[in-house]
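Here are the chains, one letter per residue:
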Amino acid sequence: MTIHRAKWFFLLPGLLVLVAIILFPLLFTIRVSFSGWDVAQPGLDWIAGFNYTRQLQDLRFWESMARLALLTLASVTLEYVLGLALALLLWREVKAQRFFRVLFLVPMMTTPVIMSVIWRTFFHESLGPANDIAQLLGFAPQAWLTDGNLATASIVIVEVWQWTSFMFLLLLAGLLSLPREPFLAAAIDGAGPVRTFLRVTFPMLAPISIGALLIRLIEASKLMETVYAMTSGGPGTATETPSYYIFIRGLREFQIGYAASLSLIYLVIMTVALTVIAKVLARAMLPKGAAA
Amino acid sequence: MTTLYRLLKYAAILLWSAFVLAPFMWALSTSFKTSNGVTGGPTYLPWLQYEPSLEGWRSLFRADGSGIDIAGPYGSSVAVTLCASAISLVLGTLAAYGLSRFTYRAGFIRNADITFFFISQRIMPPVVLAIPFFLMLQAFGLLDSEVGLIVVYIALLMPIAVWVMVDFFNNIPRELDETAMLDGCNPFETFWRVILPNSKPGLVVAGLFCIIFGWSDFFFAFTLTFTNTQLLPVAVVALNSSVTPWWSLSAAALISVAPLIAVALVLERYLSRGNLAGAIK
Amino acid sequence: MALITSQLSRRVDGVPYLDNVSCRLERGGFYVVVGPTLSGKTSLLRALAGLDLPDTGAITLDGRDQRKVPVWKRSVSMVYQQFINYPHLSVFDNIAFPLRRRGMGAEEVDRKVRQAAQRVALMPLLDRMPAALSGGQQQRMALARSLAKDDDLLLLDEPLVNLDYKLREQLREEFLSLFAKQDRAIMVYATTEPNEALLFDAEVLVMHEGRLLQSGPAREVYARPANVEVARIFSDPPMNLMQGILHGDEIRIGHAMRLSRPRHFDSLPNGNYTFGIHPGDLAMHGGGIAMQVDLAEINGSETCLHASRDSVNLVLLLAGVHGYVPGDRVEIAIDGFRLFAFAADGKLAVAPSTNQG
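Counting restarts for each chain: residues are numbered from 1 in the order of the written sequence. Each chain takes a letter, starting from A, and each ligand takes a number, starting from 1, following the order in which they are written. Only residues with pLDDT of at least 70 get local features here, since the model is predicted, and only at 80 or more are side-chain atom pairs given and counted; chain-wide, interface and lining totals rely on the full set of residues.

With that out of the way, let us pick up the overall build of chain C. A run of DSSP states H or I qualifies as a helix once it reaches four residues; a run of E qualifies as a strand once it reaches two. Both are numbered from the N-terminal end. Scanning chain C for helices and strands turns up eight helices and 20 strands. For chain C, the spread of C-alpha atoms along the three principal axes comes to 75 × 45 × 40 Å. Three exposure classes are used, based on other C-beta atoms lying within 10 Å of a residue's own C-beta, which is placed from the backbone: buried for 20 or more, exposed for 12 or fewer, and partly exposed in between. A buried classification covers 38% of the 357 residues belonging to chain C. At a minimum sequence separation of 6, the contacts of chain C that also span at least 24 residues come to 65%. By definition, residue pairs are in contact when their C-beta atoms, positioned from the backbone, come within 7 Å.

Counting secondary structure elements, chain B contains 15 helices and zero strands. Here the globule rule is a power law, 2.2 Å times the number of residues to the power 0.38, and the radius of gyration is based on C-alpha atoms. Relative to the globule expectation of 19 Å for 281 residues, the C-alpha radius of gyration of chain B, 24 Å, shows a markedly less compact shape. The principal-axis extent of the C-alpha atoms belonging to chain B is close to 75 × 65 × 30 Å. Out of the 281 residues belonging to chain B, those deemed buried represent 52%. Restricting the contact set of chain B to residue pairs at least 6 apart, pairs at least 24 apart contribute 73%.

Residue and element names in this part refer to chain C. Note that domain bounds follow an automatic or database assignment of domains. According to the domain assignment, chain C contains domain 1 (2-233) and domain 2 (240-350). Taking only C-alpha atoms into account, the centre of domain 1 sits 37 Å from that of domain 2. Listed by partner, the interface residues are seven residues for domain 1 and eight residues for domain 2. Lys, Arg, Asp and Glu make up the charged group, whereas Ala, Val, Leu, Ile, Met, Phe, Trp, Tyr, Cys and Pro make up the nonpolar group; the residues left over, Gly among them, are polar. Looking at side-chain class alone, the side of domain 1 that touches domain 2 contains four nonpolar, one polar and two charged residues.

Attention shifts here to the environment of H88 of chain C. Tracing the chain through its elements places H88 of chain C in the loop between β6 (76-79) and α2 (91-101). Sequence spacing of H88 of chain C and P130 of chain C is 42 residues, and the spatial spacing of their C-alpha atoms is 7.9 Å. When residues no more than four places from it in sequence are discounted, the contact partners of H88 of chain C are P197 and N198 of chain B.

Here the focus is the interface of chain A and chain B. Facing the 72 residues of chain A at the interface are 77 residues of chain B. Broken down by element, the side of chain A that touches chain B gets its largest block of residues, 16 residues, from helix α1 (residues 3-33) of chain A. Class assignment of the residues belonging to the side of chain A that touches chain B gives a composition of 52 nonpolar, 13 polar and seven charged.

Axis separation between α1 of chain A and helix α7 (residues 146-170) of chain B bottoms out at 9 Å; the angle between their running directions is 120°. Taken together, α1 of chain A and α7 of chain B sit at an angle that is classed as oblique. Handedness of the crossing formed by α1 of chain A with α7 of chain B: left-handed. Facing α1 of chain A, whose interface residues are G14, V17, L18, I21 and I22 of chain A, α7 of chain B presents V151, I154, A155 and M158 of chain B. A breakdown of the residues in the contact of α1 of chain A with α7 of chain B according to their chemical character gives eight nonpolar, one polar and no charged. An axis is simply a line fitted to the C-alpha atoms; with a helix, the fit covers only the stretch in contact. Between two such axes, the angle follows the N-to-C directions and lies from 0 to 180 degrees. An angle below 35 degrees is read as roughly parallel, one above 145 as roughly antiparallel, one from 65 to 115 as roughly perpendicular, and any other as oblique. By convention the crossing between two helices is left-handed if the near helix lies anticlockwise of the far one by an angle smaller than a right angle, and right-handed if it lies clockwise.

On to the interface of chain B and chain C, then. Between chain B and chain C, the contact holds 14 residues from the first and 17 residues from the second. For the side of chain B that touches chain C, the residue count by class is seven nonpolar, four polar and three charged.

Take the sheet that holds strand β2 (residues 15-26) of chain C next. Residues and elements named next belong to chain C. Read from one edge to the other, the open sheet built from four strands follows the order β2-β1-β4-β5, with strand pairing classed as antiparallel. Each having just a single partner strand, β2 and β5 (64-65) make up the two edges of the open sheet. Lying on the sheet, helix α1 (residues 41-49) is in contact with β1 (2-12), β2 and β4 (56-61); it crosses β2 at an angle near 60°. We call two strands paired when DSSP finds no fewer than two bridges between them.

Here the focus is the sheet that holds strand β10 (residues 211-217) of chain C. Residues and elements named next belong to chain C. Spatially, six strands are ordered β6-β7-β8-β3-β9-β10 in an open sheet, and the strand pairing comes out mixed. Two strands close off the open sheet at either side, each with one partner strand: β6 and β10. For this sheet the average axis-to-axis angle between neighbouring strands, irrespective of direction, equals 15°. Examined bridge by bridge, strand β3 (residues 30-34) and strand β9 (residues 203-208) share four bridges and lie parallel to one another. Residue V33 lies in a different strand from β9, and its bridge partner there is L205. Docked against the sheet, α1 engages β3, β6, β7 (153-157), β8 (186-191) and β9, running at close to 155° with respect to β7.

All names here are of chain A. As a packed pair, helix α4 (residues 97-109) and helix α7 (residues 148-176) sit with axes 7 Å apart at the nearest point and diverge in direction by 120°. The pairing of α4 with α7 is recorded here as oblique in orientation. For the pair α4 and α7, the crossing hand works out as left-handed. Contact residues: α4 offers F104, L105, V106, P107 and M108, while α7 offers W161, Q162, W163, S165, F166, F168 and L169.

What follows is about unusual backbone geometry. Cis geometry is found at the peptide bond from D236 of chain C to P237 of chain C, where omega equals 5°. Take P237 of chain C: it is sitting in the loop between α8 (228-233) and β11 (240-247).

All names here are of chain C. Relative to strand β14 (residues 271-277), β11 runs antiparallel, the two being bridged by seven bridges. Each bridged residue has a counterpart across the sheet, and for L241 the counterpart in β14 is G276. In this antiparallel pair of consecutive strands, β11 and strand β12 (residues 250-253), the connection spans two residues, and G248 shows a positive phi of 65°.

Next comes the structure, spelled out in structure tokens:
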């Protein structure tokens, strides 16, 4: 046995299992996207690139992409900012620190779709507490789930509730692992809290911030279950995300061929976008000369 | 630290705590209601605003038409999640060790590309894979079965294990592996006797993440199981129709998310001990 | 019976880590590899251990090709400069680990572990975990493990560098007794400090930029460096080197320095040379060459004096603590009998005689 033979025994089991499980689905999807499989004509025929040309003109799809960009950017940014704020608040000595840390970790442990079910009752216009709270704060009762913009806002609220916890976890872990010396040096140099944060804390968190943002962006882009449970994409298509749209086309309307082409284009766009974002983030947040 | 700053700090913490607790409190309260407590508008306090009842909770254990049996789906979820997480962790950790320690080359594909391949599996939205998985499981007779779901979940969870463990292994100095080899261990013994015993924090984090993401899946359970097997999220969402009373719904939801609170406690322990950072970076 | 490397080369990203290194290490020998950082010391040790495969060249032990033998089948130990121990094992288990891997019986393991722990003074700490040990103790544990293994090849890569000064002195002394004369194992010790090599009085391999410049007994390399590079490297502070011309009875250095041709330069033809003299061979002497002090460093009980005149810079090593200040005028005598002469190609032309006088 040499190292050169041994190394494959480590990598291959996992790699082969993964490839085995997803290879067929991937190849199948590619093949099906070139067919016109739907309820009327089930089966693998061949219609060449027809699905793709149809997709180029499918406004509903492209609108859902734009909507996803908005939703994702809004929620991930909020999650990061809030998560960072919370991590900073609970970093050093605070009363009942453990209790609050555990509490703030809970949301990400819950099943998103089940929480969305609860949120749906929460945002109910007449029977849920959301409007009670709104009136308490001096606002008029709102149509949380039935007004286009508000429905989007509601989804963002739910996402932020769920995933700020994840950012909190990673950023707090990052903060706790920071060495003391730079902070001592900053204190000796007379830096105030804001300066210390901007020049010492935040830059040192860069690697973990990038990881956290990327992971959240990847996961957030798949947004579908919350929409399914809370608004069913509505009102109309106001909260429809690409995943949800593909779901409708494929599993509700059974236009399987078309859904396949939607899936593939979506996959390509997302992979390219996320890779680009990863590189940009790495360059922006890491100090000059540091390898990604 | 000035008093004003202190006040603001605790105010912020309490505000967010209220936000976190809001849906739970609401569900808790609602789970004890009957129609009186719901139809007239939102009510919050038992006895003062509505008459509490255990109907919501009782309905969870009735297997007849008027309720749902929560024990079955619960058991299925536990079995599937633990199995899939365990297998993903094992396969993923092995692959991660390989990617961390050795150099792979196949044509122009290098280590970084392989790692990227693993992690990029997370980009795939479930909906893309739903139909092909459906056909695949059907061909193998694994539709509507726990085994079928476990297979699917492995593909979902292994990338997570790889992501966490590659970073973790990269933070263990190579010299430790080398010393083990110089002391007579071949690569497997090195991994098993030396590296793995020193990887507990990473494994805990990877394992917990697998469990969290596995437990929470809805979509695949939704599309790939029907009657024989039912996982918890599917059972609960099935209640999300206008027919089911809110109290059953709330009770079911609460009971589903309860176990992961225990996970939160474990995770916080590791966080505070400082073990987490090395695992996640 | 020996460990022989021949034409060992290794390049990484175009940089030569090892450049055509050929050497012969005899069993029972204690070798010190000396060179500045990035000179290839670590690369050489790792190649000997089998941790990195060279691009070209061969390594044989007692005539057997080592390149085919996997690391875990070899009889090699390595002590790193960052203390590397098994974090999850106690001191006892750390030292016992390789022995158990070999299938040694429990009694014998116990005996050997205690023996090794005794020699490095770790007996009272056998139950501790590495995290509870100081740096010096951790490094001793690594040493004990190597001792207990009793391998054919023992490699030490700057093992004392991360320890404090006192500890370094102490362990250095212990090294000599620990690895006393025996005739089976080959010991290779890497360091950036030539003084350590001289202290050990060992066989030396001088390396620079991946090349093996010279090998031989430490005192000999010090007294007769093969070229200017070795002269610079194998002396701390580095040997003073001055460009000059040998003409007739005179040595001319710079504008004003004139020295008379010493006897050991008799056979030397006139011409341009690089002249060298060890810092310790320079002295303050009334009537010597007038120079100006640039810097005085006090090291323990010695003073390292930097002086210059025109474009000639000299470093003197003086015993005792002297209070010189930059700007002071001093007079320095260059003892002609202690001069080295290096030819235009850098190679040693003449070295001072090793007889005192």
